[in-house]
Amino acid sequence: MEKRELTCIGCPLGCALTVSLEAGKVISVEGYTCKRGHDYGEKECTNPMRTVTSSVPVKNGVIPMVSVKTAADIPKGKILECMEAIHTATVRAPVHLGDIILADIAGTGVDLVATKTVGRR
Amino acid sequence: MAEGRKSMETALAIIGGGPAGLAAALAAREAGVEDILILERDSVLGGILNQCIHNGFGLHTFKEELTGPEYAYRFIKRVEEAGIPCLTDTMVVDLEEEEGEKYITAMNRKDGILTIRTKAIILAMGCRERPRGALNIPGFRPAGVYSAGTAQRLVNIEGKMPGRDVVILGSGDIGLIMARRMTLEGAKVHTVAEIMPYSGGLKRNIVQCLDDFGIPLKLSTTVVKIHGKERVEGVTLAKVDERMKPIPGTEEYIPCDTLLLSVGLLPENELTEELGAKMSPVTRGPLVNESMETSLSGVFACGNVLHVHDLVDFVSQEAALAGKAAAEWLKENGNNVTEADLVLEQAEKQETAAGRMQAEKTAITVEPGAHVRYTVPSKIRPDKAGEETLIRFRVDNVLKDHYLCVSYNGELISRKKKRILAPGEMEQVVIRHSDFEKYPELSRITVHIEAE
Amino acid sequence: MYDVLIIGGGVTGSAIARELSRYDLKTALFEKGEDVCSGTSKANSGIAHAGFDAAPGSWKAKMNIRGSRMLEELSRKLDFPYKRNGSLVLCFDEKDRPHLEKLLEQGKKNGVEGLEILEKKELLALEPALSEAVVCALHAPTGGIVCPFKLNIALAENAVVNGVEFHLKEGVLTVEKADFPEHAEGYRVVTEKGSYETRTVVNAAGLYGDAFHNQVSGEKLHITPRKGEYCLMDKKVGRLVSHTIFQMPTAMGKGVLVTPTVHGNLMVGPTAMDISDKEGVDTTAEGLDEVLKKAALSVKSLPKGVTITSFAGLRAHEDGDDFILGEVKDAPGFFDAVGIESPGLTSAPAIGEWMAERVVEKLRVTKKVEEKRDFQETRKDIPCIASMDPAEAAELIAENPAYGTVICRCEKVTEGEIIDAIRRPLGARSLDGIKRRTRAGMGRCQAGFCSTKVMEILARELGIPLEEVTKAGGDSRMLTGGER
């Protein structure tokens, strides 16, 4: 059996959770003080997800970088792979908020989109 | 006004085109103010949100998680659609009031020195980061000591990395966000040191910016020396005692090339003070009433210039209230001035001034009690208050299972158990308008936290 | 073959260079830093001392008095900020009154004008913020404040305009006596970049003055770096006092002062601690603590939470406790300006004048030296938009819109001023260079907002990548993170 220590992010209380896992399945969550805490502990140990945000160079833009994000959460384990892909990207101005910068980033099925509009210089 | 200057007139000038200024402008327009001018020192609207490219903004306002630029864009778009004029790249250098008229001196490339005559002003200049000097951190003064926000601008806007081996002092949200940001961009963040025994940042940021990447958070720890004559070569950390004095023998040297500081935000109120508004020594912002109006009639304040907020959603809310109140004020104080009106207006002005004094007299004082550092507003005029008046405040310590109490004239009125209260989070209580009728003698509202 | 080589681009070396530039001479100055004013001259109290502290007859006394008298006119000619705000030396104990009277007598002997002892009541009327514990004070109406950077830079720029070569980033390694076939005796000066022949050498090397002196002379000198730590406070409290407030001097110096700066901040300091590292300009917790504690004695309450920066400077203290000025006995043609600690800043114009005369006298023995007819005696500083009349500022912006873009919010410094600072003779090459010339980054946010913008302007103007921009030259690059 595996035990994992987590801090709940549901509220400033930050309950210290102990999640017990058996073969990747959650057996118990301890230390939570509300349902949100229980659910967070379970999800964080089975399928943790994150949104990745960064920025990408823009050629000929009025500013040098355009901010980007994954259009939805991606698996936490894919963050670094996702960053590697972001580091290869460059775009040409103009870029509009919502434009897809990289489709299906790191095989997650999620697109990387611009979060800012950058006009041409 | 002096010759050689260009001049403009407006009914409502908003100083600052960040989230506060934008929301205030929109609310004022919705409330019927035609003549609005936003003055922004940067080349684009949106303020600091433009460099806050992480997500987590707007959950309260839009019920979805947006990044900073996306949140800003929603307001910028509406301001553009509403056709509210903005002067960007324009720095306000002086505010003054003369015979009831307000004059703004601003400068930019195109207009040179600009004098703007306005009826009302909304102050929305935001805040700045506390610099190293304010902490008196001993040591050399090499390159590589940055405030977290400066580093954020370099990485996110310029695409440049200030360094590779990083120590962060202060666990405010910007510091935490930058720990993750620098890590994702390939830097090694060795540690985040926090002088307090708790972090001022959101739990979510501690987990997702530090824990996710195995970055240690050292509480009750500070930087006691900066090493390196030209570029940072390392820092010495030490534990601090309960009086926040470094404990000898606990020093630890960490080699690094960059020290980021996230040690607090200070409202930027130099203009406010020059204008003569009464200030709060706690928030370092002006004192305001229920309408976000400062001690100066027709001068309103909102957002981080008033008090440093935790969430931008609350900035937008507060700014909308200021915008609406400014619109009301303009209605009462004559929106448009013509020569013929002047005599009449003078008489009216005296009347409003008398009315104002009366209102000030009957205003209810709002004051912080035990464990509450300040309240915004600090005065409520019942006849001007809406259905609900929000009192925002911050507590002075991490308090578990305490009671949030409100007293009227010293008499306990409400008491609500809170599982957790933390200095990093803004708290609020609501005062209902019906209470003003229910308690006609009410002159003092106290917000306080009790253990039992 | 040079006529004069000057070692050191601090305020002393620059003053000497400027005075020598009146003459038709081939003069060069070597500075190891990337800018002038990068050692002792950049980190001091910025005080134009009245001249009562030094022992009558000493070099310090003579040069101080002369310098103090020269500064006002010089500030008009060379356009640097100077203000005669007067100074007070506080006495907190009736039994110390004789010391104060002695100081008064000494001042009179030195030739300080207008000295008087003021009693408590007058003092508190004059400076209401003074501590109630004050008994009496020595008032010196001729005391003043000056911007040390701008004084140093003005002197250096004026010297450059008048033909002195400034070799920055070129530290001198050795100086040795040499016989040149056609010119008789002189010196060979070897720097980090080359070897130079010269008739005379002026040693204005600050903390390293002893090292160069000792290379050519048998009578050894010894300089101890004496550290002084300071706190600079927000302009909000810049009017706490209007005079420069001293406490009774001690053997280690003039004690901790509280003073307005010429730019409107409040400054407190310095400590006085002898150390061994000549580059040891680090502040210490104890030092800063001491500064605040001692300064608090002079005033009713020292403002809290308004410190915007702290720094340390090193004074070049020579064992003999006086300036060492003039031709070295056993090294003809080698001139010392050594041990220039307080009141060195005030004395600089006088040392420059006196030293230039001595050097010219020496050179005239072997060659004809004429005064230049086209000597440019005046210099205009970078325009300061923030303190300008609005109509004048508007005109300037109309001419050049860059003066309309504010880069440093706190000090309201515009892009135009920053570009000027880079393009001038001896232009700024680093953030610190910009800061000392324009005050961009000197304000309450300490460059939090403007540093990235100033970096961009520097990179653009100098045609270098952002990664090459430094805080103060050398290895002080602002961006060391490489590619993202």
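Residues numbered from 1 in each chain as written. Chains lettered and ligands numbered in written order. Predicted model: local features only at pLDDT ≥ 70, side-chain atom pairs only at ≥ 80, totals over all residues. Heavy atoms only, no water.

Engineer: Just to check I follow, could you spell out the overall build of chain C for this structure?
Structural biologist: A count of helical and extended segments in chain C gives 12 helices and 22 strands. Taking 2.2 N^0.38 as the reference for a compact globule, 484 residues should give roughly 23 Å; the C-alpha atoms of chain C span a radius of gyration of 22 Å, in line with that estimate. Across chain C, every contact between residues at least 6 apart in sequence was considered, and the portion connecting residues at least 24 apart equals 71%. Accessible surface computed for chain C: about 18300 Å², of which carbon and sulfur atoms make up 50%. Separation of charge centres in chain C, based on 64 positive and 72 negative side chains, amounts to 3 Å. (Helix = DSSP H or I, 4+ residues; strand = E, 2+ residues; numbered from the N terminus. Rg over C-alpha atoms; globule rule 2.2 N^0.38 Å. Contact = heavy atoms within 4.5 Å. Areas by Shrake-Rupley, 256 points an atom, 1.4 Å probe, with all protein chains shown as cover. Lys, Arg positive; Asp, Glu negative; His and termini not counted. Charge placed at Lys NZ, Arg CZ, Asp CG, Glu CD.)

Engineer: What am I meant to see in the side chain of B:His433 here?
Structural biologist: All names here are of chain B. With respect to the helices and strands, His433 occurs in the loop between β26 (427-432) and α11 (434-438). Under the relative-accessibility criterion, His433 is labelled buried at 19%. Here Pro382 takes part through its backbone oxygen, which lies 2.9 Å from a polar atom of the side chain of His433. (Buried < 20%, exposed > 50% of the residue type's maximum accessible area, 1.4 Å probe, protein only. Polar contact = N/O pair within 3.5 Å; in protein donor to acceptor, adjacent residues only side chain to side chain.)

Engineer: Sorry if this is basic, but what is going on with the interface of chain B and chain A here?
Structural biologist: Interfaces are frequently sized by the accessible area removed from exposure as the parts join. Contacts between the two partners involve 27 residues from chain B, matched on the other side by 27 residues from chain A. Summed over both sides, the interface of chain B with chain A buries roughly 2500 Å², with 60% coming from carbon and sulfur. It is B:Leu184, B:Lys203 and B:Arg419 in chain B that bury the most area against chain A; as a group they hold 23% of the surface buried on that side. Taken together, chain B and chain A are joined by three salt bridges. Here A:Lys76 and B:Asp212 are joined by a salt bridge, their closest N and O atoms 3.4 Å apart. (Buried area = accessible area lost by both parts, 1.4 Å probe. Salt bridge = Lys/Arg side-chain N within 4 Å of Asp/Glu carboxyl O.)

Engineer: Hey, could you run me through the nonpolar core in this one?
Structural biologist: The nonpolar side chains of a soluble globular protein tend to be buried with one another. Counting residues in each nonpolar core, the largest one holds 66 residues, and the members touching the most others are B:Leu12, B:Ile15, B:Leu95, B:Ile104 and B:Leu123. Once residues within four sequence positions are removed from consideration, B:Ile104 is found in contact with B:Ala13, B:Ile15, B:Leu39, B:Val92, B:Asp94, B:Leu95, B:Leu114, B:Thr115, B:Ile116, B:Thr118 and B:Ile121. Counting 47 residues, the second largest nonpolar core, distinct from the first, contains B:Ala187, B:Ile215, C:Ile418 and C:Ile419. (Core = buried A, V, L, I, M, F, W, Y, C linked by side-chain atoms within 4.5 Å.)

Engineer: Would you mind showing me how to read the sheet that holds strand β9 (residues 100-102) of chain A here?
Structural biologist: Hydrogen bonds along the backbone pair up the strands of a sheet, which may run parallel or antiparallel. Residue and element names in this part refer to chain A. With respect to topology, five strands assemble into an open sheet ordered β8-β5-β6-β10-β9, the strand pairing being mixed. Taken across any chain shown, the strands that pair with only one partner, and hence form the sheet edges, are β8 (91-92) and β9. Here two bridges tie β9 to strand β10 (residues 112-114), and the two strands are oriented antiparallel to one another. Across the sheet, the residue bridging to Ile100 is Val113, located in β10. (Pairing = 2+ DSSP bridges.)

Engineer: When you look at the interface of chain C and chain B in this model, what are you seeing that I'm missing?
Structural biologist: Opposite the 58 residues of chain C that make contact, chain B presents 48 residues. Carbon and sulfur atoms make up 54% of the surface buried where chain C meets chain B, a total of about 4400 Å² over both sides. Applying the counting criterion to the chain C and chain B interface returns seven salt bridges. A salt bridge links B:Lys160 to C:Glu467; the shortest N-O distance between them is 3.0 Å.

Engineer: I would appreciate a short explanation of helix α3 (residues 68-81) of chain B in the present structure.
Structural biologist: The α-helix advances 3.6 residues per turn, and as a result positions three or four apart in sequence lie on the same side. End to end, α3(B) covers 20 Å across 14 residues, agreeing with the expected 20 Å (1.5 Å per residue, within 8%). The positive-phi residue at the C-terminal boundary of α3(B) is B:Gly83, with phi of around 65 degrees. (Expected span 1.5 Å × (residues − 1).)

Engineer: Hey, could you run me through the pattern of salt bridges in this one?
Structural biologist: Once the charged atoms of two side chains with opposite charge are near each other, the side chains can pair. Under the counting rule described, the total for this entry stands at 78 salt bridges over all chains. A salt bridge links B:Arg392 to B:Glu318; its shortest N-O distance comes to 4.0 Å. Within this pair, whereas B:Arg392 is found in strand β23 (residues 388-395), its partner B:Glu318 is found in helix α9 (residues 312-332), the two being separated by 74 residues in sequence. A salt bridge links C:Asp3 to C:Lys367; the shortest N-O distance between them is 2.9 Å.

Engineer: Explain the pairing of strand β6 (residues 91-98) of chain B here, please?
Structural biologist: As a general feature of sheets, a regular strand has side chains that alternate between the two faces. Residues and elements named next belong to chain B. For β6 and strand β7 (residues 101-108), the ladder comprises seven bridges, and the chain directions are antiparallel. Each bridged residue has a counterpart across the sheet, and for Glu96 the counterpart in β7 is Tyr103. Hairpin connection between β6 and β7: a loop of two residues separates the two successive antiparallel strands, and Glu99 in this loop has a positive phi of roughly 45 degrees.

Engineer: Looking at this structure, I do not really get the sheet that holds strand β15 (residues 234-239) of chain B. What am I missing?
Structural biologist: All names here are of chain B. One open sheet accounts for three strands, arranged β14-β15-β16; its pairing is antiparallel. Looking at the sheet topology across the chains shown, the edges are occupied by β14 (221-227) and β16 (252-255). With direction set aside, neighbouring strand axes in the sheet form an average angle of 30 degrees. For β15 and β16, the ladder comprises four bridges, and the chain directions are antiparallel. Directly across from Val235, in β16, lies its bridge partner Ile254. (Axes fitted to C-alpha atoms, helices over the stretch in contact; angles between N-to-C directions.)

Engineer: Help me out: how do you make sense of α9(B) in this one?
Structural biologist: Helix length check: α9(B), at 21 residues, gives a terminal C-alpha distance of 30 Å against a target of 30 Å (1.5 Å per residue), a fit within 8%. One or two residues past the end of α9(B) sits B:Gly334, with phi positive at roughly 75 degrees.

Engineer: Sorry if this is basic, but what is going on with the packing of aromatic side chains here?
Structural biologist: The geometry of two aromatic rings is summed up by the distance between their centres and the angle between their planes. Residues and elements named next belong to chain B. Scanning the model with the defined rule gives nine aromatic pairs over all chains in all. Ring centres 5.6 Å apart and planes at 70 degrees place the aromatic pair Phe62 and Tyr71 in the edge-to-face group. Since its relative accessible area comes to 23%, Phe62 is described here as partly exposed. Relative accessible area serves as the criterion here: at 0%, Tyr71 is assigned to the buried category. Taking the centre distance of 6.1 Å and the plane angle of 65 degrees together, the rings of Phe62 and Phe75 count as edge-to-face. With a gap of 13 residues between them, Phe62 in helix α2 (residues 59-62) and Phe75 in helix α3 connect regions that are remote in the sequence. The buried category is assigned to Phe75, whose relative accessible area is 6%. (Phe/Tyr/Trp six-rings, centres within 6.5 Å; stacked < 30°, edge-to-face > 60°.)

Engineer: I keep staring at unusual backbone geometry and nothing clicks. Help me out?
Structural biologist: At the junction of B:Val376 and B:Pro377, the peptide bond is cis and its omega measures out at 5 degrees in the coordinates. Cis geometry marks the peptide bond from C:Gly269 to C:Pro270, where omega comes out at -5 degrees. Mapped onto the elements of the fold, C:Pro270 is located in the loop between β16 (266-269) and β17 (273-274). Phi is positive for A:Ala23, which is not a glycine, with a value near 50 degrees. Note that A:Ala23 resides in the loop between β2 (16-22) and β3 (25-30). Residue A:Ala23 is classed as exposed on the basis of its relative accessible area, which comes to 80%. Within the chain, B:Lys63 stands out as a residue other than glycine whose phi angle is a positive 55 degrees. Tracing the backbone shows B:Lys63 in the loop between α2 and β4 (66-67).

Engineer: Can you help me understand a negative patch on the surface in this one?
Structural biologist: Residue and element names in this part refer to chain C. A cluster of acidic residues, Asp389, Glu392, Glu395 and Glu399, forms a negative patch on the protein surface. Tracing the backbone through its elements, the reader meets Asp389 in the loop between α8 (344-364) and α9 (390-399). When its relative accessible area of 42% is taken as the criterion, Asp389 is described as partly exposed. (Patch = residues over 30% accessible without salt bridge, like charges linked within 9 Å, V, L, I, M, F, W, Y side chains within 5 Å.)

Engineer: Explain the packing of helix α10 (residues 415-423) of chain C against helix α12 (residues 451-462) of chain C to me, please; I cannot follow it from the model alone.
Structural biologist: Each pair of packed helices can be described by the angle between their axes along with the distance between the axes. Residues and elements named next belong to chain C. As a packed pair, α10 and α12 sit with axes 10 Å apart at the nearest point and diverge in direction by 45 degrees. In terms of axis orientation, α10 runs oblique to α12. Between α10 and α12 lies a crossing whose hand is right-handed. Mapping the contact onto sequence places Glu415, Ile418, Ile419, Ile422 and Arg423 in α10 and Val454, Ile457, Leu458, Arg460, Glu461 and Leu462 in α12. Partitioned by chemical class, the residues of the contact of α10 with α12 number seven nonpolar, no polar and four charged. (Parallel < 35°, antiparallel > 145°, perpendicular 65-115°, else oblique. Left-handed = near helix turned anticlockwise from the far one by under 90°. Nonpolar A, V, L, I, M, F, W, Y, C, P; charged D, E, K, R; others polar.)

Engineer: Mind showing me how you'd approach the environment of B:Pro382 here?
Structural biologist: For B:Pro382, the position within the fold is in the loop between β22 (379-380) and β23. Sequence-distant contacts of B:Pro382, that is, excluding residues within four places in its chain, are made with B:Thr362, B:Ala363, B:Ile364, B:His433 and B:Phe436.

Engineer: Mind showing me how you'd approach the side chain of C:Gln247 here?
Structural biologist: Residues and elements named next belong to chain C. Here Gln247 shows up in strand β14 (residues 244-247). At 2.8 Å, the side chain of Gln247 forms a polar contact with the backbone oxygen of Lys294. Excluding residues that lie within four positions of it along the chain, Gln247 makes contacts with Val89, Leu90, Phe92, Lys254, Val256, Lys294, Ala295, Leu297 and Ser298.

Engineer: For this particular structure, what's the right way to read the packing of helix α5 (residues 148-158) of chain B against α12(C)?
Structural biologist: Packing of α5(B) against α12(C) brings their axes to within 9 Å, and their N-to-C directions diverge by 50 degrees. By the angle between their axes, α5(B) is oblique relative to α12(C). Contacts from B:Thr150, B:Arg153, B:Leu154 and B:Glu158 of α5(B) reach α12(C) at C:Ser451, C:Thr452, C:Met455 and C:Glu456. In the contact of α5(B) with α12(C), the residues fall into two nonpolar, three polar and three charged.

Structural measurements only, silent on function.
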